[in-house]
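Structural features, examined
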Amino acid sequence: MTNPSAPRRHLPTSPFKAPVAPSAKHFELGDRVSHDQFGLGRIIGVEEGIAMLVDFGSRTARILSPYTRMSRL
């Protein structure tokens, strides 16, 4: 039985390009950010390469890398 959450293996003979993992965005302590789900916030904690702790006013969230739904303002 295969694991449905595991990425599929790319065959070298495939006519399609190999999937590319998104590169992690870089944020610093104090940066103002916008998140697709939570809205506007400020970085209040950094776990380098792992996660960011973001204060969104009504809640604080730990956003995991690669931060695809978050952008710097």
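A brief structural summary.

What counts, and where the lines are drawn
- Residues numbered from 1 in each chain as written.
- Predicted model: local features only at pLDDT ≥ 70, side-chain atom pairs only at ≥ 80, totals over all residues.
- Heavy atoms only, no water.
- Buried < 20%, exposed > 50% of the residue type's maximum accessible area, 1.4 Å probe, protein only.
- Helix = DSSP H or I, 4+ residues; strand = E, 2+ residues; numbered from the N terminus.
- Pairing = 2+ DSSP bridges.
- Salt bridge = Lys/Arg side-chain N within 4 Å of Asp/Glu carboxyl O.
- Axes fitted to C-alpha atoms, helices over the stretch in contact; angles between N-to-C directions.

Brief notes about the pairing of strand E4 (residues 60-64)
The two faces of E4 differ: Ala61 and Ile63 on one face are buried, but Thr60, Arg62 and Leu64 on the other face are not. Judged from the 5 bridges that link them, strand E3 (residues 51-55) and E4 form a sheet pairing that is antiparallel. By the bridge assignment for E4, Met52 is matched with Ile63. Taken together, E3 and the strand that follows it, E4, pair antiparallel across an intervening segment of 4 residues, in which Gly57 is found at a positive phi of about 90°.

Remarks on unusual backbone geometry
Of note, the bond from Ser65 into Pro66 is cis; its omega dihedral lies within 30 degrees of zero at 20°. Structurally, the position occupied by Pro66 is in the loop between E4 and strand E5 (70-72). Even without glycine at this site, Tyr67 takes up a positive phi of about 60°. Here Tyr67 lies in the loop between E4 and E5.

Here's the deal with the pattern of salt bridges
A complete count under the given rule lists 2 salt bridges for this structure. The salt bridge partner of Arg72 is Asp31, with a shortest N-O separation of 3.1 Å. With Arg72 in strand E5 and Asp31 in the segment before strand E1 (32-35), this residue pair connects regions lying 41 residues apart in the sequence. The salt bridge partner of Glu47 is Arg62, with a shortest N-O separation of 2.8 Å. Linking Glu47 in strand E2 (residues 39-47) with Arg62 in strand E4, this pair joins segments that are 15 residues apart in sequence. Residue class for Glu47 comes out partly exposed when judged on its relative accessible area of 34%.

As for the sheet that holds E4
Spatially, E4-E3-E2-E1-E5 is the arrangement adopted by the 5 strands of the open sheet, whose pairing is antiparallel. In this open sheet, the two edge strands, each paired with only one partner strand, are E4 and E5. Recorded for the sheet is a direction-independent mean angle of 40° between the axes of neighbouring strands. Sheet topology places E1 next to E2; 4 bridges connect them, and they run antiparallel. Counted as the bridge partner of Arg32 is Arg42 from E2.

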